[in-house]
Amino acid sequence: MADAFPILMLIERPSQWLLGGLDDRYDLRHAPGPGITVAITGGGEGIDATTIDACPDLKLIAVCAVGYDKVDVAHAHARGIAVTNTPDVLTDDVADLALALMLSVSRKVALHDHYVREGRWVREGTPPLTRKLTGQKIGILGYGRIGHAIAERVKPIAGEIAYYARSEKPDAEWRYIGDPVALADWADMLVVAVAGGKGTAGLVSREVIAALGPEGVLINIARGSVVDEPALVDALVSGRLGGAGLDVFADEPNVPEALLGLESVVLLPHQGSATRETRAAMAQLVLDNVEAFVAGKPLLTPVPAA
Ligand code: 8YV
């Protein structure tokens, strides 16, 4: 259509729900340029200042993710460009996957599946005992929507729950520990649930990992950038950290080679929100934000100033 609304699509493989919603009212572009007022991107793709400035008429960046750490939000806002993300609709999925990782690491679910499939049960007999998850002390690093949802999921089975956030949450019923090292020292299992970005880069430091210790477990469903990944790999390989359940990594899809052979680690390919139901809901929220923008109405989920 001659008067179709130009949209810059930066997501490498847009979902069927996103593409299906961008009907012939929209003219999908795959390169920046003048005349484009809306860009759609993903959590992994983001959009940098150079691309933003290559779209002199850009007014909205709609991110199909809750994490917008790959978006130069400060630059967008300085140019008067709104940014939206997709919070809430994926909270359950990410929190569910955190629980799945907690159980899989403690009870070695993935390892035992392979143990049976590879005939080791027949050849080697019953595998070594694992660890009971129920009753463990669970530390949650970051107490936003997803951290809260994780706490609610583990509440019936955790021995105790404590959390770290930049400030204490008055409505939280759990113990607040205002230092990541102290939380790791207290916890049996530390679940990383903070947002990615400059403010949390390397928050799970070598010291935090050391404080978790040889019986401790790290779960990361947030962003690889939050963890000192070389320190994590060193600690896991040497046995100075008991185990890890990782859905995110510093340089996705590349995972440190040294982790691939470890039986103490469960590795997932960034599956946090990767269900049909949730990806459909994320796409719909992106489309709703775009349509609100086009109609001159308030955006549904604008991100705050950087
Ligand atoms: C997506 C995510 O897997 O929402 C996020 O921040 O990490 C996941 O939902 C990914 O970012 C795809 O955009």
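Procedures and definitions
- Residues numbered from 1 in each chain as written.
- Predicted model: local features only at pLDDT ≥ 70, side-chain atom pairs only at ≥ 80, totals over all residues.
- Heavy atoms only, no water.
- Near = heavy atom within 4 Å.
- Polar contact = N/O pair within 3.5 Å; in protein donor to acceptor, adjacent residues only side chain to side chain.
- Areas by Shrake-Rupley, 256 points an atom, 1.4 Å probe, with all protein chains shown as cover.
- Nonpolar A, V, L, I, M, F, W, Y, C, P; charged D, E, K, R; others polar.
- Buried < 20%, exposed > 50% of the residue type's maximum accessible area, 1.4 Å probe, protein only.
- Helix = DSSP H or I, 4+ residues; strand = E, 2+ residues; numbered from the N terminus.
- Contact = heavy atoms within 4.5 Å.
- Pairing = 2+ DSSP bridges.
- Axes fitted to C-alpha atoms, helices over the stretch in contact; angles between N-to-C directions.
- Parallel < 35°, antiparallel > 145°, perpendicular 65-115°, else oblique.
- Left-handed = near helix turned anticlockwise from the far one by under 90°.
- Salt bridge = Lys/Arg side-chain N within 4 Å of Asp/Glu carboxyl O.

Enquirer: Give a detailed account of the site of the ligand, specifying residues and quantitative values.
Expert: Surrounding the ligand, one finds Gly 42, Gly 43, Cys 64, Ala 65, Val 66, Gly 67, Leu 90, Arg 223, His 270, Ser 273, Arg 279 and Met 282. Arg 223 places a side-chain nitrogen or oxygen 2.7 Å from an oxygen atom of the ligand. Between the ligand and the protein, one listed contact pairs an oxygen atom with a side-chain N or O atom of Ser 273 at 2.5 Å. With the chains in place, 85% of the 330 Å² that the ligand exposes on its own is no longer accessible. Of the residues that constitute the shell around the ligand, the class distribution is five nonpolar, five polar and two charged.

Enquirer: Lay out helix H7 (residues 145-154) with the relevant residues and their values.
Expert: Inspection of H7 places Ile 146, Gly 147, Ala 149, Ile 150, Ala 151 and Val 154 among the buried residues, and these make up the whole buried set. Among the structural elements, helix H4 (91-107), strand S6 (137-141), strand S7 (160-164) and strand S9 (189-192) are those in contact with the buried residues of H7.

Enquirer: How would you sum up the sheet that holds S9? Please name residues and give values.
Expert: Read across the open sheet, the seven strands follow the order S8-S7-S6-S9-S10-S11-S12; overall the sheet is parallel. Strand pairing shows two members of the sheet lacking a second neighbour, strand S8 (175-176) and strand S12 (265-267), which therefore form its edges. With four bridges connecting them, strand S10 (residues 217-220) and strand S11 (residues 243-246) associate as parallel partners. Among the inter-strand pairings, Ile 219 is bridged to a residue of S11, identified as Gly 245.

Enquirer: Describe the packing of H4 against H7, naming the residues involved and giving the relevant values.
Expert: For the pair H4 and H7, interaxial distance at closest approach is 9 Å and the crossing angle is 50 degrees. Put simply, H4 runs oblique to H7. For the pair H4 and H7, the sense of crossing is right-handed. Note on element contacts: H7 touches H4 through Arg 145, Ile 146, Ala 149, Ile 150, Arg 153 and Val 154, opposite Thr 91, Asp 92, Val 94, Ala 95, Asp 96, Ala 98, Leu 99 and Met 102. Looking at the contact of H4 with H7 residue by residue, the classes come out as nine nonpolar, one polar and four charged.

Enquirer: I'd like to hear about the pattern of salt bridges, residue by residue, with values.
Expert: The tally for this structure, following the rule as stated, stands at 14 salt bridges. Between Glu 291 and Arg 25 there is a salt bridge, with the nearest N and O atoms lying 2.9 Å from each other. Taken together, the residues Glu 291 in helix H11 (residues 276-294) and Arg 25 in the loop between helix H1 (16-21) and strand S2 (26-29) connect sequence positions 266 residues apart. Residue classification places Glu 291 among the partly exposed positions, given a relative accessible area of 31%. Residue Arg 25 is classed as partly exposed on the basis of its relative accessible area, which comes to 38%. Linking Asp 69 and Arg 223 is a salt bridge whose minimum nitrogen-to-oxygen distance equals 3.0 Å. Note that Asp 69 is positioned in the loop between strand S4 (60-64) and helix H3 (73-78) and Arg 223 in the loop between S10 and helix H10 (229-238), a separation of 154 residues in sequence. Under the relative-accessibility criterion, Arg 223 is labelled buried at 15%. Through salt bridges with shared partners, a single network forms among Asp 23, Arg 25 and Glu 291.

What is shown is where atoms sit, not what they do.
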